[in-house]
Every structure is written in C-alpha cells, then in structure tokens.
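# Fold and contact review
Below are the chains, spelled out letter by letter.
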Amino acid sequence: MIQLTGAQLIVRLLERQGVRTVAGVPGGAILPFYDALSSSELIRHVLARHEQGAGFMAQGMARVSGVPQVCIASSGPGATNLVTAIADACLDSIPMVVITGQVPQAMIGTDAFQEVDIYGITVPITEHNFLVRSAQELLEVVPDAFRIAMSGRPGPVLIDVPKDVQNQLISIEELPPPAVPDPTPALDLAAIEEAARMINGAQRPVLYLGGGVVHSGAAPLAVQLAERAGLPTTMTLMALGAMPMDHHLSIGMLGMHGARYTNFVLEEADVLICVGARFDDRAIGKAAQFCPRASIVHIDVDRSELHKIKNAHVAIHADVNVALAALLPRIDPIIREAWLSKVADLKTRFPMQLPGIEDPRSHYGLIQAVADALDDEAVIATDVGQHQMWVAQAYPFRRPRQWLTSGGLGTMGFGMPTAIGAALAEPERTVVCFSGDGSFKMNIQELATLAEEGLNVKIVLMNNNALGLVYQQQTLFYGKRLFASKYRTEPDFVKIAEGFGVPAVDLDKAEDPRMALAEALRAPGPCLIHATIDREQFVYPMVPPGAANTEMIGG
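A brief look at the structure comes next. (Residues numbered from 1 in each chain as written. Predicted model: local features only at pLDDT ≥ 70, side-chain atom pairs only at ≥ 80, totals over all residues. Heavy atoms only, no water.)

Helices and strands together make up the secondary structure of the chain, namely 23 helices and 20 strands. In terms of overall dimensions, the chain is globule-like: its C-alpha atoms have a radius of gyration of 24 Å, near the 24 Å expected for 555 residues. When the backbone C-alpha atoms are referred to their principal axes, the chain occupies close to 70 × 65 × 45 Å. Looking at the chain residue by residue over its 555 residues, the buried ones come to 60%. When the accessible surface of the chain is totalled, it reaches about 21100 Å², and 52% of it is carbon and sulfur. Between the mean site of the 42 positive side-chain charges and the mean site of the 59 negative ones, the chain shows a separation of 6 Å. (Helix = DSSP H or I, 4+ residues; strand = E, 2+ residues; numbered from the N terminus. Rg over C-alpha atoms; globule rule 2.2 N^0.38 Å. Buried < 20%, exposed > 50% of the residue type's maximum accessible area, 1.4 Å probe, protein only. Areas by Shrake-Rupley, 256 points an atom, 1.4 Å probe, with all protein chains shown as cover. Lys, Arg positive; Asp, Glu negative; His and termini not counted. Charge placed at Lys NZ, Arg CZ, Asp CG, Glu CD.)

Structure below.
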C-alpha cells in the first residue's frame with residue numbers, strides 16, 4: 001500500500017498514461033496539484049501566459065501526435081479562460097484532457113472567491129466532463145477521461161477537482177492500467193458491399209475527405225481508394241494533406257474559398273463518397289444545392305453526423321480506417337478516362353488563380369517563398385482570417401498532420417500557441433505559424449512562452465492593419481460601409497517581438513526578401529517574420545454567405 005494525496009495521484013496517473021508535457025497556469029485552487037507536479041521527474045510543465053494559450057498548446061501537441069494532451073488551469077477565471085480552446089477542440093474533434101482546480105466542496109454553491117461552475121459551462125463543448133467528489137474517484141475518472149477523449153470521434157474531456165479532493169489522502173495498492181480507446185463500431189458489411197456497388201457502377205464519382213480521415217490515420221487508405229477507383233478527390237479545410245495537393249487525382253479544397261473547378265466538378269458528380277466529413281456549411285454552401293446529381297455514401301464514426309445535413313443513400317457508422325480497409329478489396333480497378341478528362345477540362349477552364357505567386361512581397365508569393373524554403377517535414381499552423389484561406393489555397397500540403405488550423409470555431413489567436421504546442425511535441429521539426437495582425441494580437445503574450453522555451457517556431461506575420469475578412473465582407477456585401485474593421489494605429493511588431501526576447505526580421509526593409517526569409521527559416525530557434533500586405537487584396541474565389549458553391553464570385 002502507498003499513501004498519496006489526490007494531487008499526487010493525478011500526477012501518477014498522468015505519468016502512467018504517457019503524458020510527458022503539460023501546459024498551464026497555476027492559481028490558488030490548483031496549487032496542490034502544482035505542488036505535486038513539481039516532484040515529477042517525467043512530466044515537463046510549460047508555463048503559458050494565458051490559460052487560452054495553454055489550451056491551444058495542448059491542442060498543438062494533440063494535433064501533431066494524434067493522442068490526448070493535457071492543459072491545466074485554476075478555478076474561476078482560470079477555468080473560463082480555457083473555454084474557447086475547449087470549444088475549438090470540440091468542433092475540430094481534437095483529443096484533450098483539461099484539468100481545472102475548484103473551490104473546496106463545502107464552498108461550492110456559495111459564490112466563493114473564484115468559484116465558477118465550469119462543469120456546467122462546458123457540458124455542451126466536451127465529450128464528457130467530471131466533477132470529482134473524492135480522491136478514490138480519481139482512479140476511475142482520470143483513465144476514463146483519456147479513454148473518452150480518444151474513443152470514437154475524439155474530443156476534449158474536462159476534470160474539475162476541488163481543492164479538498166486534491167489534498168485528501170488515499171491508500172492504494174496499485175495504479176490502474178493506462179486507458180485505451182473503446183473498440184470501434186461493428187462494421188455493417190452489407191452496407192460496405194452496397195457502397196462498393198455504387199462506386200464500381202459510378203460514371204462520375206468524387207471522393208470527399210474530411211478531418212476524420214486524418215484523426216483515424218486513414219489517409220494512406222483513402223489515397224489507395226482514390227487510385228484504385230480513379231476518383232477525383234477533394235478535401236475539406238481540416239483534411240488538407242490527407243492526399244498530397246500535387247497528386248494527379250487531387251482537386252484541392254472545396255467550398256467557400258476552394259477553386260472554381262473543384263466546386264464545378266462536385267456539381268457534375270453522380271456518386272459522392274464522403275469519408276470522415278460532416279457536410280459543414282463552409283464546405284458545401286447551400287445544402288440543398290450541393291452535389292444535386294449525386295447519390296451519397298457517407299462513412300463516419302459519429303452516428304449523429306449521418307443524415308444530419310445531407311441524406312445518405314448508404315450510411316456507414318464506422319471508424320473510417322476500418323471501413324476503408326474493408327471497402328478497398330471490393331473496389332474494381334478503374335481508370336475512368338472520360339471522367340478524369342472532364343475534370344482536367346474544368347481545371348483548365350476554371351483554375352485556381354494565384355496572382356503574384358512569384359513575388360515574395362505579395363500574399364501568395366510570400367506563402368510560396370516559405371514553401372520553397374521548407375521540406376514536407378515542416379508543420380504549418382495558421383491563425384484565422386484571410387491569411388488562413390490564402391495558405392489553404394496555395395501551400396503544397398503533402399502529408400497528414402502537417403496542417404494545423406482552427407476550422408469549426410474559427411478562433412483568432414489560435415495560431416501561435418498551437419504552433420508552440422506542435423514544437424513541444426515534435427521539436428525536431430520546423431514549425432511555421434502564418435498569422436494576421438488581428439489574430440496575432442489576441443494571444444501575443446505567448447511570445448514570452450516561445451522565447452522562454454526557445455522553440456523552433458517561425459511566425460510569418462501578414463500585416464494589413466485590419467480585420468481582413470471583416471473588411472472584405474463589409475466591402476463586398478455591406479456597401480463599403482467600413483466600420484470597426486480598420487485599425488487607427490499600428491504597433492511595431494518587430495520591436496514587440498524583440499521586447500519579448502524573440503528575434504525578428506522585417507521583410508519590408510529587406511533588399512532581398514526571399515533570401516532574408518529563407519535565412520530566417522533556416523536559423524534555429526524562434527523568429528518573427530513581418531511583412532506588410534495590401535489591405536485591398538481579397539480572398540477569391542468566394543461563395544457569398546448563404547449561396548450555393550456554384551455561385552462563387554471573383555477568382
């Protein structure tokens with residue numbers, strides 16, 4: 001028998017689960033846990049400068065590793081500062097375990113200092129959450145949290161631990177085994193057979209990949225399916241890299257800012273094979289007019305997504321890795337020359353236009369210059385806004401988990417702390433965060449964390465001194481009534497970065513911006529790379545809000 005406090009038990013359980021890095025910010029109600037964590041020889045703690053930053057650091061670690069990662073906060077404002085990062089993880093299906101301190105149980109419900117019902121607040125944005133009532137419960141709760149976070153459709157799980165539970169003594173004989181995911185759903189082989197018949201008999205099939213393909217590790221199988229059946233393949237924002245963007249069957253990203261030809265190809269499809277995607281409005285536009293000629297095969301591990309937006313002719317509730325492995329042997333090898341010729345014709349007539357791609361001082365040219373200076377081992381993160389869409393359109397993603405972006409929630413301030421998390425999990429890689437000036441200022445304090453950790457994170461700041469997508473929509477759809485979308489002052493981001501201890505390069509002042517960029521990307525450690533971008537450069541093509549994908553404007 002060994003005697004531990006609840007806090008020490010949590011640390012032991014995290015160690016046993018294989019957790020080696022956590023991010024957080026301490027406070028009164030979580031201090032017993034921090035005291036216990038200080039004695040751990042296995043777990044490294046990264047001190048974020050804001051709890052939201054800690055949440056996104058955990059996300060960055062989870063997005064590149066594929067396994068649940070941990071962030072820590074105290075009660076009250078510490079816990080509520082995590083809410084946005086939790087909601088973001090929920091919408092993008094990112095496995096994460098969130099541990100918060102809570103006031104002692106006797107004080108719950110008394111409006112005690114820094115008391116907030118974080119359990120109640122996070123019910124809609126977690127896979128599950130726990131309010132722990134005794135140290136004994138931790139033996140089940142902590143492994144359960146990891147099991148739930150990585151089972152089925154992944155997502156965040158919250159454990160709220162009152163301070164008295166952290167201090168409570170418990171005697172135990174042995175620790176429970178590390179959590180493993182639940183078994184995958186039983187496969188409906190009749191549905192698999194029907195899906196194979198539809199695909200084999202199709203004249204104009206399209207493969208539509210979502211983030212679930214990346215989460216389940218099914219990208220290689222998805223590429224094999226496309227190659228075997230001659231399937232033009234489109235990817236959602238979350239699935240970029242599941243198939244290399246320069247693969248001969250790739251038709252790139254669909255939806256609001258996809259290429260015109262991509263959306264026109266989908267308009268022609270007679271069978272749509274949707275794998276691990278949820279028919280998000282930014283991907284499909286007006287649902288009633290999306291793929292109007294197509295019968296739909298939908299494979300998803302989350303049963304609630306089947307028939308939710310589009311009715312599927314064949315709905316398969318399964319882990320997509322398992323489903324694709326069963327489907328592949330049933331697919332006839334087909335070249336589909338006529339269909340692929342039609343796709344090539346549409347691509348020639350309606351290509352993705354990337355003006356200024358050769359000019360490193362333009363938005364597309366800057367992205368291309370970054371790509372030219374890196375190999376496929378690099379990780380690319382973004383914040384949210386015009387820069388995010390430009391990168392999605394122009395960067396040549398070639399592997400899963402290379403691309404980290406906030407898709408479902410679209411959270412400004414996501415980029416830099418997520419990039420920090422990616423570098424913590426995979427320090428051998430170069431991590432590049434493309435950001436806009438609006439997004440960057442929302443978690444700019446994490447420059448201090450980046451400097452302290454000395455991570456190989458490069459921030460490419462595309463600065464138009466505006467909230468670019470807001471400015472764009474006001475210009476296009478609100479009669480050019482520009483309100484609260486342009487900043488009246490402009491900070492000196494180079495000085496700010498240097499003030500935090502992060503080296504900086506200003507491409508505006510570089511005689512040879514391409515060379516200055518390449519040198520900054522090659523140098524070890526963190527760096528801010530600043531570049532001014534023309535405010536009047538918009539993201540095109542664009543599907544107007546509420547319109548069908550074929551009603552794109554621009555580009």
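A covalent bond between the sulfur atoms of two cysteines is referred to as a disulfide. Following the criterion strictly, the structure yields zero disulfides and no others. In this structure C291 is not part of a disulfide, and its nearest cysteine sulfur, from C274, lies 9.4 Å away. Exposure remark for C291: the relative accessible area of 3% places this residue in the buried category. (Disulfide = S-S within 2.5 Å.)

A few words on helix α15 (residues 337-349). Across its 13 residues, α15 extends 18 Å between first and last C-alpha, which sits within 8% of the 18 Å expected from 1.5 Å per residue. Taken residue by residue, α15 has W339, V343 and L346 as its buried positions. Take α15 and look down its axis: the buried residues cluster within an arc of 60 degrees, on one side only. Looking at α15, the residues exposed on the side facing more than 90 degrees away from the buried face are E337, A338 and T348. Buried residues in α15 make contact with β9 (205-209), β11 (250-253) and α12 (260-268). (Expected span 1.5 Å × (residues − 1). Arc of directions from axis to C-beta. Contact = heavy atoms within 4.5 Å.)

A cluster of like negative charges, contributed by E490, D492, E498 and D508, occupies part of the molecular surface. Mapped onto the secondary structure, E490 falls in the loop between α21 (468-477) and α22 (493-500). (Patch = residues over 30% accessible without salt bridge, like charges linked within 9 Å, V, L, I, M, F, W, Y side chains within 5 Å. Salt bridge = Lys/Arg side-chain N within 4 Å of Asp/Glu carboxyl O.)

We now examine the sheet that holds strand β19 (residues 504-506). Strand order in the open sheet formed by six strands is β16-β15-β17-β18-β20-β19, and the pairing between neighbours is parallel. The open sheet has two edge strands with one neighbour each: β16 (403-404) and β19. Pairing of strand β17 (residues 431-436) with strand β18 (residues 457-463) involves six bridges; the strand directions are parallel. Counted as the bridge partner of F434 is V460 from β18. Across the face of the sheet, helix α18 (residues 415-425) comes into contact with β15 (379-382), β16, β17 and β18 while running at roughly 175 degrees to β17. Each of β17, β18, β19 and β20 (527-532) is contacted by helix α23 (residues 513-522), which is oriented at about 160 degrees to β20, the strand it contacts most. (Pairing = 2+ DSSP bridges. Axes fitted to C-alpha atoms, helices over the stretch in contact; angles between N-to-C directions.)

Y395 and F434 are the most contacted members of the largest nonpolar core, which has 76 residues in total. No other element matches helix α11 (residues 219-229), which puts seven residues into this core. In contact with Y395, other than residues within four places in its own chain, are M245, I367, V370, A371, L374, I380, Q402 and F434. Residues I86, L158, L404 and I459 belong to the second largest nonpolar core, which totals 48 residues. (Core = buried A, V, L, I, M, F, W, Y, C linked by side-chain atoms within 4.5 Å.)

What follows is about the pairing of strand β12 (residues 271-275). With five of five residues buried, β12 lies mostly within the body of the structure. As paired elements, β9 and β12 share five bridges and run parallel to each other. Note on β12: the bridge partner recorded for Y208 is C274. As judged from the five bridges shared by β12 and strand β13 (residues 295-300), these two strands associate in the parallel manner. Its bridge partner being in β13, C274 is matched across the sheet by H298.

On the basis of which strands lie adjacent, the open sheet formed by six strands has the order β3-β2-β4-β5-β7-β6 and parallel pairing. Because the sheet does not close on itself, it has two edges, and the strands there are β3 (44-47) and β6 (128-131). Averaged over all adjacent pairs, the angle separating strand axes in this sheet is 20 degrees, with direction ignored. Here β6 runs beside strand β7 (residues 156-162); their pairing, made up of four bridges, is parallel. Residue pairing across strands places F130 opposite I159, the latter belonging to β7. Here helix α3 (residues 51-65) sits on the sheet and contacts β2 (21-24), β3, β4 (69-73) and β5 (96-102); the angle it forms with β4, its principal contact strand, is near 175 degrees.

What is shown is where atoms sit, not what they do.
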